[in-house]
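Descriptive structure summary
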Amino acid sequence: MTPATRYTATAIALHWLTALLIAATFPLGLYMHGLALSPFKLQLVSYHKWLGVTIFLLALARLAWRLGHAPPPLPDTIPAWQQRAAQGLHHLLYVLLLVIPLSGWLMSSAKGVPVVYLGMVQLPDLVGKDKALGEMLEGIHEMLNFGLMGLVGMHVAAALKHHFIDKDTTLLRMLPFGKRGNHEN
Amino acid sequence: MRISHYSLPLFLLLAHGAQAVEFNTVQPAGSMVAFAYKQMNVPMEGKFGKFSASIAFDPERIQSAQARIEVDLASIDTGFSESDDEVAGKLWFNTKAFPVAQFVSGGVKALGNNRFEALGKLTIKGRVLDVVAPFTFKQEGRVAVFDGTFSLKRLDYAIGEGIWSDLSTVANEIQIKFRITAAAAPAKK
Ligand code: HEM
Ligand code: HEM
């Protein structure tokens, strides 16, 4: 049995869907933060929360996937230390994909605003109303987000370096189109 | 039963007191005026920090019950200072021109089981509308607690005009919750 050479279709779909949602949620967060109070702002804040909770759910799904699947091996031209660094970075990304939405949810609870996912499903409040805590969590949410952007920047730079400079298969393993390996599901 | 001539005056005094337990001395510490509404279907709450209430209520003689509550609208606490400033503005309460909301009762109806209904006029932002506010009455010794809730439609009072009149963001229905604690004093004759 030859090992899979690519991520499964499920892993690829979840990866790119998450990347797309973050590309929407992050700038939306920055933009709405700067707006003066208006119905438009309140709508955007709601959409931001719905997107963030969706990212959280997708991250849980990805972790569930990960428990049942080892990622396909990286090309063996990549030195072991780089493979370990990549792994460490992936773990950090997973942590942030969970912790950032949680910090947003905590912030909402602390500010006394329950999160109602898609305007339909009310999530339980994680903490009681506490103004000072809410403000602190707002700072933490912002800080974690800038941390995420830094890590994603490194992640993307590494992927592009492998593809265009090293010309190895690292990126192809995660791209939806391209020759199919074994073990697709 | 034979009543001794010593206890007779005391008995009469007590009987007289029981007849006229009128709760009319509002205790601000045990009273509140709060509200709840939905924003993008999210349940939100807030309260008013300053209001004054004067009531007179004897559960045995509700035909003479009276209530008057005045809420200082600028004392609103929505939980967000930005929102507090916004609702004090022209599009919402316009507190410069209309600083108080006022409820004046016109009568009380007994619903049984210590439940009542206050009928009255609610004035906000220069508009006067009839409201019916159901409330419960709970007596503990010389103190009574009145707990009630009613809802109003904010656009009936032009609360949230212009861009805010869009009801898909801040819903039209606003629940008002009140609790008035009042001590008993001998009825004024
Ligand atoms: C991975 C998902 C998320 C990302 C990438 C993200 C990103 C951001 C960013 C960049 C900001 C602007 C920070 C600033 O400049 O202060 C922000 C603000 C905010 N986020 Fe998130 N967020 C996410 C999830 C959530 C979730 C799940 C919630 C709530 C349930 C949430 C609630 C908020 C709130 C309320 C603010 C606004 C703070 C304010 O302006 O007062 N976020 N977010
Ligand atoms: C917000 C954006 C992104 C996030 C949060 C993210 C997160 C992740 C995570 C957690 C993994 C590890 C999957 C696993 O093995 O379990 C991964 C793998 C990967 N990502 Fe991303 N990613 C993002 C954007 C991108 C972009 C834009 C690219 C390409 C330019 C990319 C290329 C890759 C590649 C090639 C892998 C496989 C790496 C390997 O197996 O060592 N990612 N990504």
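Anyway, here's the lowdown on the structure attached to this text. Please read these numbers as outputs of a predicted model, since none were measured by experiment.

Before going further, it helps to spend a moment on the coordination of the iron atom of ligand 2. Residue and element names in this part refer to chain A. Distances from the iron atom of ligand 2 to its protein donors, H15 (NE2) and H155 (NE2), fall within 1.9 to 2.0 Å. Between the six donor atoms coordinating the iron atom of ligand 2, the angles at the centre fall across 88 to 179 degrees, so the site counts as octahedral. Here the residue H15 occupies a position in helix α1 (residues 9–34), and H155 occupies one in helix α4 (residues 131–165), the gap between them amounting to 140 residues. Residue classification places H155 among the partly exposed residues on the basis of a relative accessible area of 23%.

Our next topic: the packing of aromatic side chains. The geometry of an aromatic ring pair comes down to the distance between the two centres and the angle between the two planes. Overall, the coordinates contain 18 aromatic pairs over all chains when judged by the stated rule. For the ring pair Y47 of chain A and W50 of chain A, a centre distance of 5.4 Å and an interplane angle of 65 degrees mean the geometry is edge-to-face. Residue Y47 of chain A and its partner W50 of chain A are both found in helix α2 (residues 39–68); the two are separated by three residues, about one turn of the helix. Pairing F116 of chain B with F135 of chain B gives two aromatic rings, centres 5.7 Å apart and planes at 20 degrees, and the pair type is stacked. With F116 of chain B in strand β8 (residues 115–124) and F135 of chain B in strand β9 (residues 127–140), this residue pair connects regions lying 19 residues apart in the sequence. A relative accessible area of 6% means that F116 of chain B is categorised as buried. Counting every residue linked through ring pairs, the aromatic cluster contains F23, F57, F116, F135, F137 and F146 of chain B.

A few words now on the interface of chain A and chain B. Facing 19 residues of chain A, the contacting portion of chain B comprises 18 residues. Approximately 1500 Å² of surface area, both sides summed, lies buried where chain A meets chain B, with 65% of it carried by carbon and sulfur atoms. Along the contact surface separating chain A from chain B lie three residue pairs in polar contact (both at pLDDT 80 or more). Per-element accounting of the side of chain A that touches chain B gives the leading share, seven residues, to α2 of chain A. Residue classes in the side of chain A that touches chain B are distributed as ten nonpolar, five polar and four charged.

Let us now look at the site of ligand 2. Residues and elements named next belong to chain A. Near ligand 2 there are 21 residues, and of these Y7, H15, R66, Y94 and H155 occur at the shortest range. R66 places a polar side-chain atom, nitrogen or oxygen, 2.5 Å from an oxygen atom of ligand 2. The set of elements that each furnish at least two residues to the shell around ligand 2 consists of α1, α2, α3 (80–110) and α4. Along the lines of polarity and charge, the residues of the shell around ligand 2 split into 14 nonpolar, four polar and three charged.

Conventions adopted
Residues numbered from 1 in each chain as written. Chains lettered and ligands numbered in written order. Predicted model: local features only at pLDDT ≥ 70, side-chain atom pairs only at ≥ 80, totals over all residues. Heavy atoms only, no water. Donors = N, O, S within 2.8 Å, 3.2 Å for Na, K, Ca; no water. Tetrahedral: all angles 85-135°; square planar, octahedral: opposite > 155°, others 65-115°. Helix = DSSP H or I, 4+ residues; strand = E, 2+ residues; numbered from the N terminus. Buried < 20%, exposed > 50% of the residue type's maximum accessible area, 1.4 Å probe, protein only. Phe/Tyr/Trp six-rings, centres within 6.5 Å; stacked < 30°, edge-to-face > 60°. Contact = heavy atoms within 4.5 Å. Buried area = accessible area lost by both parts, 1.4 Å probe. Polar contact = N/O pair within 3.5 Å; in protein donor to acceptor, adjacent residues only side chain to side chain. Nonpolar A, V, L, I, M, F, W, Y, C, P; charged D, E, K, R; others polar. Near = heavy atom within 4 Å.

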